[in-house]
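Fold and geometry: a report
Listed below are the residues making up each chain.
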Amino acid sequence: MAAYLCPPAVIHGEHPVKTSQIVAEVRDRHPHAAWAPRIDGIAASTGIETRGWMLPLETAVAPGQGGGLRSVGVEPAQEALARDGFTQQDVDRVIAALEAIPTPQTVQERTGPAWEAVQSYGERAARGALQIAGLDTADIDCLITSHSTTPALPGLDIALANRLPLREDVMLLPATQWACIAGTRSLALAADLVAADPDRVVLVVVSEALSTTYQPADDTLESLIVRLLFADTAVAAVVTGRPRRESVLRLDAAWHHTLPGTQDLHRLETRADGTHFVMDRRGPRAVQETVTAMWEWLRVRYQDHPEAWHPDVLLAHPGGTRVLEYMEQTMPDAWPSGLLDFSRASYTTGNRGGAAVFDILRRAHDAGQKPGSRAVLYAAAPGLTATALEGEWL
């Protein structure tokens, strides 16, 4: 399978949003929610103090345009009031009062600016990855893209093909719905592509504006947690079939796993006011099942060296700290401690979804890894589905 990965480019959201700002906004908007007395403890339990967004917090919480008459329009309302005998003066007063009522943003108002940001950030990440790899846009043979919270057709693949621009014969592979496994699964696909043609050069770009799932009107506990977790990030990396001077990691094997009957545990729903990420408390337990399956894959893969082999770093995006703790608890006792340090460090500035594994990989690379050290990359996503890769630092 051997595929060679250059260091990724990581573009963090440029607007810092503090947890204290989110807590203040939510407390002010939902003072009587059942979880309101516990909000400080809930926020602290995430371990996240600041996350970066592509757009400011003020953009997410601003009211929509059009006021309370958006759905029916001013003229029909005026006509209805006049038919009921209201004077023109009273009609004007009622209309003014209704137009002053704040309403949630529409899907267009919320996702339109975010989609523009996703394209811009994706382009910056792509150009950064090409520069790191010492390549030009003309060298790219295939582009794999993912962006899960800003639905668009055409998508990020077409946007980048025009923005960079890429050659007209480049293979475009959009994978919008990969979500949190976009990092690992795109690398697995890229590895398959270069295995078929070792001279092929693949560019992977994941650009996620997860902040679009911040829905001010929601007063559920799950919605509060979503507000506190997500960060915006764009990442990109080059994968080749032959080693380059810039290559830092060789990918040797990939593993995929999907749990049947778990498609409703975590999901995106599009409603009148935008995209909502719906969480189920059974989710972490289901993700743990994929972790157990991954351990078995690694055990079988190295069954001839059960005591001599272990990963030197584990670059994991399981979606939350509970699963990270489970991973540590279920690792073989002989494995060294600290395998998840880079994963934990990444998580302290937010859940980056499909961009997370590339961010974790970049942190591990920047810290320095010995040639010959083994790495395992893992991510799980709504579905529930998981992908892992195993490889060696160069």
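Per-chain numbering applies: the sequence of each chain, read as written, is numbered from 1 onward. Residue-level local features of this predicted model are given only where pLDDT is at least 70; pairs of side-chain atoms are given and counted only at 80 or more, and the full residue set underlies all totals for whole chains, interfaces and linings. Each side-chain value is derived from all of the structure's non-hydrogen atoms; neither hydrogens nor water enter the calculation.

In the nomenclature of an unreviewed UniProt entry, the protein chain corresponds to Type III polyketide synthase from the organism Streptomyces argyrophylli.

**Re helix 1 (residues 19-29)**
Exposure is judged per residue with a 1.4 Å probe applied to protein chains only, and the accessible area is read against the type maximum: over 50% gives exposed, under 20% gives buried, and values in between give partly exposed. Helix and strand definitions follow DSSP, with helices as H or I runs of at least four residues and strands as E runs of at least two, each counted in order from the N terminus. Taken together, the buried positions of helix 1 are occupied by T19, I22, V23, E25 and V26. Projected down its long axis, helix 1 carries its buried residues within an arc of 165 degrees, all on one side. Exposed and oriented more than 90 degrees from the buried face of helix 1 are S20 and D28. Residue contacts follow a heavy-atom distance rule, with two residues in contact if any of their heavy atoms lie within 4.5 Å. Summarising the contacts, the buried residues of helix 1 are in contact with strand 3 (15-18), helix 2 (39-45), strand 4 (50-53), helix 3 (57-61) and helix 9 (221-229). What the arc describes is the spread of directions from the helix axis to the C-beta atoms.

**A closer look at the UniProt feature "active site" (unreviewed entry) in the protein chain**
Using the residue numbers shown here, the UniProt feature "active site" (unreviewed entry) corresponds to C180. In this fold, C180 is placed in the loop between strand 6 (171-174) and helix 8 (182-196). Note on C180: relative accessible area 15%, which makes it buried. Excluding residues within four positions of it along the chain, C180 makes contact with H317, G353, G354, A379, A380, A381 and P382. UniProt positions are given in the numbering used here, feature names are shortened, and annotations may be inferred rather than shown by experiment.

**Examining the domain arrangement of the protein chain**
Domain limits in this description derive from either an automatic procedure or a database domain assignment. Looking at the assigned domains, one finds that the protein chain contains domain 1 (3-63 + 105-240) and domain 2 (249-393). Taking the mean C-alpha position of each, domain 1 and domain 2 sit 18 Å from one another. With 51 residues of domain 1 at the interface, the matching set in domain 2 holds 42 residues. Two parts placed together each lose some accessible area; with a 1.4 Å probe, that loss summed over both constitutes the buried area. Roughly 3800 Å² is buried in total at the junction of domain 1 and domain 2, and carbon and sulfur atoms are behind 65% of that figure. The salt bridge definition used is simple: a Lys or Arg side-chain nitrogen within 4 Å of an Asp or Glu carboxyl oxygen. Summed over the shared surface of domain 1 and domain 2, the number is 0 salt bridges. In protein, a polar contact requires one atom able to donate a hydrogen and another able to accept it; more generally it is a pair of N or O atoms within 3.5 Å, and residues adjacent in sequence count only if both atoms are side-chain atoms. Joining domain 1 to domain 2, the criterion identifies 15 residue pairs in polar contact (both at pLDDT 80 or more). Residue assignment for the side of domain 1 that touches domain 2 shows that the elements contributing at least two residues are strand 1 (3-5), strand 2 (9-12), strand 4, helix 6 (107-133), helix 8, strand 7 (201-209), helix 9 and strand 8 (232-240). With 7 residues, helix 8 is the single largest residue contributor to the side of domain 1 that touches domain 2. Within the side of domain 1 that touches domain 2, the residues separate by chemical class into 28 nonpolar, 16 polar and 7 charged. Polar here means any residue outside two lists: the nonpolar Ala, Val, Leu, Ile, Met, Phe, Trp, Tyr, Cys and Pro, and the charged Asp, Glu, Lys and Arg; Gly therefore counts as polar.

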